[in-house]
Amino acid sequence: MIGPNQDAELVDWRKTTVDGRTVYELEYDGPVSEPTGRPRTLFGASSGGTVPAGEQRVRLPDGEQIPATEATFEAEGSTLRIRREKSSALDRFLRYLPWWTRA
């Protein structure tokens, strides 16, 4: 899932290391935006029914899977960068608060 334009096709990808962290750079055939699939509630829908948010995973092109709660995305043109970032307990807590309480 790549934001609102889910019809873009993956053209190429590479796995690099930046600041000691693994970064996946995925190149698509058109512009992409950051994924919006992280649920704001405890449970989110998936193709197999409801899956607890803590058990949702992002599958990368080489078959590696990372927890969705630890994936960060950065979109630039037709490139989507995915990196694994372990968030603090506070960040994880704030993710489930409604957006209007974080102003």
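Up top you'll find the structure we're talking about.
This one's a predicted model, so the numbers in the text were calculated from it and none came from an experiment. (Residues numbered from 1 in each chain as written. Predicted model: local features only at pLDDT ≥ 70, side-chain atom pairs only at ≥ 80, totals over all residues. Heavy atoms only, no water.)

1. Looking at the nonpolar core
Thought 1: Counting residues in hydrophobic clusters, the biggest one holds 12 residues: Ala 8, Tyr 24, Leu 26, Tyr 28, Val 32, Val 58, Leu 60, Ile 66, Ala 68, Ala 71, Leu 80 and Ile 82.
Thought 2: At the level of elements, strand S2 (21-28) and strand S8 (79-84) are the ones that each hand at least two residues to this core.
Thought 3: Here this core takes 3 residues from S2, the largest share from any one element.
Thought 4: Residues contacting Tyr 24, with those up to four places away along its chain left out, are Trp 13, Arg 14, Lys 15, Leu 60, Pro 61, Asp 62, Glu 64, Leu 80, Arg 81 and Ile 82. (Core = buried A, V, L, I, M, F, W, Y, C linked by side-chain atoms within 4.5 Å. Buried < 20%, exposed > 50% of the residue type's maximum accessible area, 1.4 Å probe, protein only. Helix = DSSP H or I, 4+ residues; strand = E, 2+ residues; numbered from the N terminus. Contact = heavy atoms within 4.5 Å.)

2. What about the pattern of salt bridges?
It is possible for side chains bearing opposite charge to pair when their charged atoms get close.
Thought 1: The tally for this structure, following the rule as stated, stands at 9 salt bridges.
Thought 2: The shortest N-O distance in the salt bridge between Glu 25 and Arg 81 comes to 3.5 Å. Residue Glu 25 is found in strand S2, and its partner Arg 81 is found in strand S8; the two are separated by 56 residues along the sequence. Summarising the burial analysis for this pair, Glu 25 and Arg 81 share the class buried.
Thought 3: A salt bridge links Arg 83 to Glu 85; its shortest N-O distance comes to 3.7 Å. (Salt bridge = Lys/Arg side-chain N within 4 Å of Asp/Glu carboxyl O.)

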